[in-house]
Amino acid sequence: MITFEEYIDNNKIAFRIAKQGYYDIDSVKSNFYKVLDILGDFDKTEYIAALTLRLKNKVKVKKIIEGVETFDYIKTDYPIAKSVANAISIKTTRKFWGRKGRHNKMPMVFAIESSKNWDKEHIHALIRFADLKQYYSPHELSMILRGICYTFEEVNSRDLTAVEIRMFHYCENETKQLGNSIEYICKSTANFKDHSYDPLLDFTKKPL
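Q: Can you help me understand the overall build of the chain in this one?
A: Within the chain, the secondary structure is distributed over five helices and seven strands. Moving toward the C terminus, one meets the helices and strands of the chain in the order α-α-β-β-β-α-β-β-α-β-α-β. Whereas a compact globule of 208 residues would reach a radius of gyration of roughly 17 Å, the chain reaches 18 Å, a difference of no more than 12%. Counting only C-alpha atoms, the chain reaches 60 × 45 × 30 Å along its principal axes. For the chain, the proportion of its 208 residues judged to be buried stands at 47%. In the chain, of all internal contacts separated by at least 6 residues, the share reaching a separation of at least 24 is 70%. Summing over all exposed atoms, the chain offers an accessible surface of approximately 11,400 Å²; the carbon and sulfur share of this is 50%.

Q: Sorry if this is basic, but what is going on with the state of the cysteines here?
A: Between two cysteines, a covalent bond joining their sulfur atoms is known as a disulfide. Overall, the coordinates contain zero disulfides when judged by the stated rule. Cys-186 supplies the cysteine sulfur nearest to Cys-149, a cysteine that is in no disulfide, at a spacing of 19 Å. Residue Cys-149 is classed as buried on the basis of its relative accessible area of 0%.

Q: When you look at the pattern of salt bridges in this model, what are you seeing that I'm missing?
A: One side chain can pair with another of opposite charge once the charged atoms of both are near each other. Here the structure, examined in full by the defined rule, presents eight salt bridges. Lys-29 is the partner of Glu-5 in a salt bridge, and the nearest nitrogen-oxygen pair spans 3.0 Å. Within this pair, whereas Glu-5 is found in the segment before helix 1 (10–20), its partner Lys-29 is found in helix 2 (residues 25–39), the two being separated by 24 residues in sequence. Its relative accessible area of 45% is what places Glu-5 among the partly exposed residues. On the basis of relative accessible area, Lys-29 is assigned to the partly exposed category, the value being 33%. Ionic pairing is found between Arg-16 and Glu-183, a salt bridge with its closest N-O pair at 2.6 Å. Placement of Arg-16 in helix 1 and of Glu-183 in helix 5 (residues 175–186) is noted, with a sequence separation of 167 residues between them. In terms of burial, Arg-16 and Glu-183 fall into one category: buried. Each of the salt bridges in this network shares a partner with another, and the network as a whole consists of Lys-12, Arg-16 and Glu-183.

Q: Is there a simple way to think about the side chain of Arg-16 in this case?
A: A relative accessible area of 9% means that Arg-16 is categorised as buried. Within the structure, the side chain of Arg-16 is placed 2.6 Å from the side chain of Glu-183, a separation counted as a polar contact. With residues up to four places along the chain from it excluded, the contact list for Arg-16 reads Gly-21, Tyr-23, Glu-183, Tyr-184 and Lys-187.

Rules behind the numbers
- Residues numbered from 1 in each chain as written.
- Predicted model: local features only at pLDDT ≥ 70, side-chain atom pairs only at ≥ 80, totals over all residues.
- Heavy atoms only, no water.
- Helix = DSSP H or I, 4+ residues; strand = E, 2+ residues; numbered from the N terminus.
- Rg over C-alpha atoms; globule rule 2.2 N^0.38 Å.
- Buried < 20%, exposed > 50% of the residue type's maximum accessible area, 1.4 Å probe, protein only.
- Contact = heavy atoms within 4.5 Å.
- Areas by Shrake-Rupley, 256 points an atom, 1.4 Å probe, with all protein chains shown as cover.
- Disulfide = S-S within 2.5 Å.
- Salt bridge = Lys/Arg side-chain N within 4 Å of Asp/Glu carboxyl O.
- Polar contact = N/O pair within 3.5 Å; in protein donor to acceptor, adjacent residues only side chain to side chain.

Set out below in structure tokens:
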């Protein structure tokens, strides 16, 4: 298929370290191949989306204090981002797979990353639109996915830049774009030297 060595070199490592402060090449390489395994074999008739989703700085949560319903705002963190990623996998699978999605989810993988510049949690994802019952153009797929992302309270529906999507064929001719996209999301797995958590998330085989 494709190899990690095709998409990594000393210059890229130096660039990642300069931006992140750390790059665990062994973790990134291991997760690179995990992503390929999750996405599966090439199929030139199918499309894949590279998604970047920025979350709000804070989200509103409901609380009940002494029987009185009230609301509070909490800072967006890893558990909230993970919850949004899982919800995207559920909603996307239900939309495109229907009843088939009760036991498995569409091939997709998520990575959660903290931004030093924005101070916001944001999500990267690769979503393969596999085994669809009808044809959708890449524009239609992109618009449906975008609409799903904007349904969440954690995403600012008024921010047109909160959701970024690139669509391309899942085939041999797009391996360069695919390999670079996989390495980019896997770099998030190198953010934490103590490996306190793995930002790479796979929900594909978990029941809905």
